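Listed here are the chains, written in short residue letters.
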Amino acid sequence: IQMTQSPPSLSASVGDRVTITCRASQSINTYVNWYQQKPGKAPKLLIYTASNLQSGVPSRFSGSGSATYFTLTISSLQPEDFATYYCLQTYSAPLTFGGGTKVEIK
Amino acid sequence: EVQVVESGGGLVKPGGSLRLSCAASGIPFSTYAMNWVRQAPGKGLEWVSSISSSSSYVYYADSVRGRFTISRDNAKNSLDLQMDSLRAEDSGTYYCASSIGYCSGSTATCYQPFYFDYWGQGTLVTVSS
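Residues numbered from 1 in each chain as written. Chains lettered and ligands numbered in written order. Predicted model: local features only at pLDDT ≥ 70, side-chain atom pairs only at ≥ 80, totals over all residues. Heavy atoms only, no water.

Asks: I'd like to hear about the overall build of chain A, residue by residue, with values.
Replies: Helix and strand content of chain A: 0 helices and 11 strands. For chain A, the succession of helices and strands along the chain, N to C, is β-β-β-β-β-β-β-β-β-β-β. In terms of C-alpha radius of gyration, chain A reaches 13 Å, essentially the compact-globule figure of 13 Å for 106 residues. Along the first, second and third principal axes, the C-alpha atoms of chain A reach 35 × 25 × 25 Å. In chain A, buried positions account for 51% of the 106 residues. Within chain A, contacts between residues at least 6 apart in sequence are counted, and of these 55% link residues at least 24 apart. (Helix = DSSP H or I, 4+ residues; strand = E, 2+ residues; numbered from the N terminus. Rg over C-alpha atoms; globule rule 2.2 N^0.38 Å. Buried < 20%, exposed > 50% of the residue type's maximum accessible area, 1.4 Å probe, protein only. Contact = heavy atoms within 4.5 Å.)

Listed below in C-alpha coordinates is the structure:
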(Lines give C-alpha, C1' and ligand atoms only; values in the text may rest on other atoms or scores of the structure.)
Protein backbone atom coordinates (compact mmCIF):
# COMPACT_ATOMS: atom_id res chain seq x y z
CA ILE A 1 0.00 0.00 0.00
CA GLN A 2 1.51 3.31 -1.10
CA MET A 3 0.95 6.50 0.86
CA THR A 4 1.25 9.70 -1.17
CA GLN A 5 1.70 12.70 1.08
CA SER A 6 1.39 16.32 0.01
CA PRO A 7 2.75 18.88 -0.08
CA PRO A 8 6.39 17.82 0.43
CA SER A 9 6.99 21.16 2.12
CA LEU A 10 5.15 24.31 3.00
CA SER A 11 5.90 27.71 4.44
CA ALA A 12 3.48 29.17 6.93
CA SER A 13 3.26 31.84 9.60
CA VAL A 14 2.47 31.52 13.27
CA GLY A 15 -1.29 31.46 13.63
CA ASP A 16 -1.94 29.99 10.18
CA ARG A 17 -4.19 27.01 9.58
CA VAL A 18 -2.24 24.21 7.93
CA THR A 19 -3.54 21.06 6.25
CA ILE A 20 -1.46 18.10 5.12
CA THR A 21 -2.93 15.27 3.09
CA CYS A 22 -2.18 11.60 2.54
CA ARG A 23 -3.70 9.41 -0.11
CA ALA A 24 -3.58 5.62 0.09
CA SER A 25 -3.28 3.46 -3.00
CA GLN A 26 -6.16 1.31 -1.76
CA SER A 27 -8.86 1.58 0.87
CA ILE A 28 -7.42 1.28 4.38
CA ASN A 29 -10.48 2.07 6.50
CA THR A 30 -9.32 4.63 9.09
CA TYR A 31 -6.00 2.96 9.80
CA VAL A 32 -3.67 5.93 9.58
CA ASN A 33 -1.39 7.50 12.16
CA TRP A 34 0.27 10.92 12.03
CA TYR A 35 3.72 11.62 13.49
CA GLN A 36 5.75 14.77 14.08
CA GLN A 37 9.53 14.70 13.86
CA LYS A 38 11.98 17.43 14.80
CA PRO A 39 15.63 17.38 13.67
CA GLY A 40 17.73 14.83 15.50
CA LYS A 41 14.77 13.48 17.41
CA ALA A 42 12.59 10.38 17.24
CA PRO A 43 9.12 10.78 15.75
CA LYS A 44 6.25 11.59 18.09
CA LEU A 45 2.74 10.20 17.72
CA LEU A 46 0.07 12.87 17.20
CA ILE A 47 -3.00 11.08 15.83
CA TYR A 48 -3.96 7.41 15.58
CA THR A 49 -6.74 5.67 13.70
CA ALA A 50 -7.21 8.76 11.55
CA SER A 51 -8.81 11.04 14.12
CA ASN A 52 -7.86 10.04 17.66
CA LEU A 53 -5.68 12.57 19.44
CA GLN A 54 -2.84 10.98 21.39
CA SER A 55 -2.80 11.87 25.07
CA GLY A 56 -0.86 15.07 25.76
CA VAL A 57 -1.02 16.35 22.18
CA PRO A 58 -2.47 19.88 21.87
CA SER A 59 -6.04 20.11 20.59
CA ARG A 60 -4.96 22.36 17.69
CA PHE A 61 -3.95 19.11 15.97
CA SER A 62 -6.73 17.13 14.36
CA GLY A 63 -7.05 14.33 11.87
CA SER A 64 -9.78 13.14 9.59
CA GLY A 65 -10.47 10.86 6.68
CA SER A 66 -11.25 7.29 5.73
CA ALA A 67 -10.76 4.83 2.90
CA THR A 68 -8.07 6.50 0.75
CA TYR A 69 -8.00 10.16 1.78
CA PHE A 70 -6.67 11.52 5.07
CA THR A 71 -5.79 14.94 6.44
CA LEU A 72 -3.85 16.36 9.34
CA THR A 73 -4.82 19.90 10.29
CA ILE A 74 -3.08 22.31 12.62
CA SER A 75 -5.68 24.93 13.42
CA SER A 76 -3.30 27.69 14.56
CA LEU A 77 0.37 27.04 13.89
CA GLN A 78 2.65 27.62 16.87
CA PRO A 79 6.43 28.13 16.85
CA GLU A 80 7.00 24.64 18.27
CA ASP A 81 5.04 23.08 15.38
CA PHE A 82 7.71 23.73 12.79
CA ALA A 83 8.80 20.18 12.03
CA THR A 84 8.33 17.36 9.54
CA TYR A 85 5.09 15.40 9.58
CA TYR A 86 4.53 11.84 8.38
CA CYS A 87 1.47 9.69 7.84
CA LEU A 88 1.66 5.93 8.34
CA GLN A 89 -0.79 3.28 7.18
CA THR A 90 -1.34 0.50 9.69
CA TYR A 91 -3.90 -1.50 7.69
CA SER A 92 -1.50 -4.28 6.80
CA ALA A 93 2.16 -5.14 6.67
CA PRO A 94 4.37 -3.96 5.12
CA LEU A 95 3.53 -0.76 6.94
CA THR A 96 4.21 2.31 4.84
CA PHE A 97 4.94 5.94 5.64
CA GLY A 98 4.15 8.90 3.48
CA GLY A 99 7.09 10.84 2.15
CA GLY A 100 6.81 13.57 4.78
CA THR A 101 5.84 17.25 4.85
CA LYS A 102 8.33 19.78 6.14
CA VAL A 103 6.58 22.75 7.73
CA GLU A 104 8.82 25.80 7.66
CA ILE A 105 8.56 29.34 8.95
CA LYS A 106 7.41 31.90 6.41
CA GLU B 1 9.12 6.16 33.28
CA VAL B 2 9.32 4.41 29.94
CA GLN B 3 12.77 4.01 28.43
CA VAL B 4 13.65 2.53 25.06
CA VAL B 5 17.35 2.37 24.26
CA GLU B 6 18.95 1.09 21.06
CA SER B 7 22.56 0.00 20.73
CA GLY B 8 24.86 -1.78 18.33
CA GLY B 9 25.14 0.72 15.50
CA GLY B 10 28.42 1.54 13.84
CA LEU B 11 30.48 1.47 10.68
CA VAL B 12 30.47 -1.72 8.62
CA LYS B 13 31.68 -2.60 5.14
CA PRO B 14 29.27 -3.58 2.36
CA GLY B 15 28.43 -7.26 2.66
CA GLY B 16 29.11 -7.22 6.38
CA SER B 17 26.85 -7.87 9.35
CA LEU B 18 25.69 -5.95 12.37
CA ARG B 19 23.37 -6.77 15.26
CA LEU B 20 21.24 -4.04 16.76
CA SER B 21 19.67 -4.37 20.19
CA CYS B 22 16.88 -2.54 21.95
CA ALA B 23 16.20 -2.55 25.68
CA ALA B 24 12.82 -1.43 26.95
CA SER B 25 11.75 -0.67 30.49
CA GLY B 26 8.68 0.82 32.13
CA ILE B 27 6.27 -1.03 29.83
CA PRO B 28 4.83 -4.56 30.00
CA PHE B 29 7.25 -5.64 27.29
CA SER B 30 5.86 -9.13 26.83
CA THR B 31 2.46 -7.72 25.84
CA TYR B 32 3.74 -5.26 23.23
CA ALA B 33 4.59 -5.85 19.62
CA MET B 34 7.95 -4.33 18.72
CA ASN B 35 9.22 -2.71 15.57
CA TRP B 36 12.24 -1.30 13.78
CA VAL B 37 11.94 1.90 11.73
CA ARG B 38 14.87 3.48 9.91
CA GLN B 39 15.73 6.81 8.38
CA ALA B 40 18.45 7.38 5.82
CA PRO B 41 20.34 10.66 6.27
CA GLY B 42 18.13 13.54 5.17
CA LYS B 43 15.35 11.18 4.08
CA GLY B 44 11.97 10.03 5.33
CA LEU B 45 10.93 7.26 7.66
CA GLU B 46 10.87 3.64 6.51
CA TRP B 47 9.32 0.76 8.44
CA VAL B 48 11.74 -2.18 8.55
CA SER B 49 10.27 -5.01 10.60
CA SER B 50 7.70 -5.99 13.23
CA ILE B 51 7.41 -8.86 15.69
CA SER B 52 4.34 -9.76 17.72
CA SER B 53 4.45 -10.06 21.49
CA SER B 54 4.98 -13.82 21.51
CA SER B 55 7.17 -13.86 18.38
CA SER B 56 4.45 -15.75 16.51
CA TYR B 57 4.32 -13.22 13.69
CA VAL B 58 7.21 -11.42 12.07
CA TYR B 59 7.13 -9.18 9.02
CA TYR B 60 9.75 -7.41 6.97
CA ALA B 61 9.96 -4.67 4.41
CA ASP B 62 10.70 -6.02 0.93
CA SER B 63 13.98 -4.11 0.97
CA VAL B 64 15.37 -6.18 3.87
CA ARG B 65 13.56 -9.52 3.65
CA GLY B 66 16.02 -12.40 3.52
CA ARG B 67 18.86 -10.27 4.91
CA PHE B 68 17.51 -9.02 8.25
CA THR B 69 16.12 -11.09 11.14
CA ILE B 70 14.09 -9.67 14.01
CA SER B 71 13.88 -11.47 17.35
CA ARG B 72 12.98 -10.76 20.95
CA ASP B 73 13.57 -12.11 24.44
CA ASN B 74 10.66 -11.30 26.70
CA ALA B 75 12.54 -12.52 29.77
CA LYS B 76 15.15 -9.83 29.16
CA ASN B 77 12.81 -7.16 27.77
CA SER B 78 14.99 -6.99 24.70
CA LEU B 79 14.61 -6.80 20.93
CA ASP B 80 17.27 -7.55 18.33
CA LEU B 81 17.77 -6.96 14.63
CA GLN B 82 20.38 -9.11 12.93
CA MET B 83 21.45 -7.40 9.72
CA ASP B 84 23.43 -9.42 7.17
CA SER B 85 24.62 -8.71 3.63
CA LEU B 86 24.51 -5.00 4.37
CA ARG B 87 24.36 -2.48 1.56
CA ALA B 88 25.11 1.21 1.38
CA GLU B 89 21.39 1.93 1.16
CA ASP B 90 20.91 0.34 4.60
CA SER B 91 22.76 3.28 6.16
CA GLY B 92 20.80 5.48 8.50
CA THR B 93 19.38 5.84 11.96
CA TYR B 94 17.52 2.79 13.22
CA TYR B 95 14.73 3.32 15.72
CA CYS B 96 13.14 0.74 17.97
CA ALA B 97 9.47 1.40 18.72
CA SER B 98 6.81 -0.41 20.71
CA SER B 99 3.35 -0.71 19.30
CA ILE B 100 -0.14 -1.12 20.55
CA GLY B 101 -1.67 -3.46 18.05
CA TYR B 102 0.07 -6.03 15.90
CA CYS B 103 -0.18 -7.65 12.51
CA SER B 104 -0.88 -11.32 11.99
CA GLY B 105 -1.69 -14.05 9.54
CA SER B 106 -0.98 -14.66 5.91
CA THR B 107 -2.76 -11.44 4.95
CA ALA B 108 -0.67 -9.50 7.50
CA THR B 109 -3.75 -7.63 8.61
CA CYS B 110 -3.10 -5.43 11.61
CA TYR B 111 -5.23 -5.40 14.73
CA GLN B 112 -6.30 -1.93 15.77
CA PRO B 113 -5.62 0.42 17.32
CA PHE B 114 -2.08 0.13 15.98
CA TYR B 115 0.42 2.87 16.59
CA PHE B 116 4.05 3.31 17.58
CA ASP B 117 3.86 4.85 21.03
CA TYR B 118 7.33 4.61 22.60
CA TRP B 119 10.48 5.21 20.56
CA GLY B 120 14.17 5.03 21.30
CA GLN B 121 16.63 7.77 20.39
CA GLY B 122 17.99 5.73 17.49
CA THR B 123 21.31 4.12 16.64
CA LEU B 124 23.31 5.08 13.56
CA VAL B 125 24.37 2.46 11.03
CA THR B 126 26.86 3.40 8.33
CA VAL B 127 27.63 0.95 5.54
CA SER B 128 30.68 2.10 3.66
CA SER B 129 34.00 0.79 2.41
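Moving on from the model shown.
Asks: Give me the side chain of S52(B): which residues, what numbers.
Replies: Residue and element names in this part refer to chain B. Mapped onto the secondary structure, S52 falls in the loop between β5 (45-51) and β6 (58-60). Overall, S52 belongs to the buried group, its relative accessible area being 4%. Dropping the residues within four chain positions of it, S52 is found in contact with A33, Y57, R72 and Y102.

Asks: Describe the side chain of D90(B), listing the residues and the values that go with them.
Replies: All names here are of chain B. You can see D90 is positioned in the loop between β8 (78-83) and β9 (92-100). There is a polar contact of 2.9 Å between the side chain of D90 and the side chain of R38. In contact with D90, other than residues within four places in its own chain, are R38, R67, F68, S85, V125 and V127. (Polar contact = N/O pair within 3.5 Å; in protein donor to acceptor, adjacent residues only side chain to side chain.)

Asks: Tell me about the interface of chain A and chain B, residues and numbers included.
Replies: The interface of chain A with chain B comprises 20 residues on the first partner and 23 residues on the second. Buried area between chain A and chain B, both sides added, is near 1700 Å², and the carbon and sulfur share of it is 67%. The interface formed by chain A and chain B holds 0 salt bridges in total. Our enumeration of links across chain A and chain B arrives at 8 residue pairs in polar contact (both at pLDDT 80 or more). Of all the elements in the fold, those that place two or more residues in the side of chain A that touches chain B are β4 (32-37), β5 (44-48) and β9 (84-89) of chain A. (Buried area = accessible area lost by both parts, 1.4 Å probe. Salt bridge = Lys/Arg side-chain N within 4 Å of Asp/Glu carboxyl O.)

Asks: How would you sum up the state of the cysteines? Please name residues and give values.
Replies: A complete count under the given rule lists 3 disulfides over all chains for this structure. Two residues share a disulfide in this structure: C22(A) and C87(A), whose sulfurs sit 1.8 Å from each other. Taking the sign of the S-S torsion, about -70° here, the bridge from C22(A) to C87(A) comes out left-handed. With C22(A) in strand β3 (residues 18-24) and C87(A) in strand β9, this pair connects stretches of sequence that are 65 residues apart. No difference in accessibility class separates C22(A) from C87(A), as the two residues are buried. The disulfide bridge from C22(B) ends at C96(B), spanning 2.1 Å between sulfur atoms. On the sign convention where negative is left-handed, the bridge of C22(B) and C96(B), at about -70° about the S-S bond, is left-handed. In this pair, C22(B) is assigned in strand β3 (residues 18-25) and C96(B) in strand β9, connecting sequence segments 74 residues apart. Each member of the pair C22(B) and C96(B) is classed as buried. When the cysteines of chain B that form disulfides are numbered from the N-terminus onward, they connect as 1-2, 3-4. (Disulfide = S-S within 2.5 Å.)

Asks: Give me the pattern of salt bridges: which residues, what numbers.
Replies: In the structure shown here, the tally under the stated rule is 8 salt bridges over all chains. The salt bridge partner of R60(A) is E80(A), with a shortest N-O separation of 3.4 Å. Remark: E80(A) occurs in the loop between β8 (69-74) and β9 and R60(A) occurs in the loop between β6 (52-53) and β7 (61-66); sequence separation between them is 20 residues. Where salt bridges share partners, they join R38(B), E46(B), R67(B) and D90(B) into one cluster.

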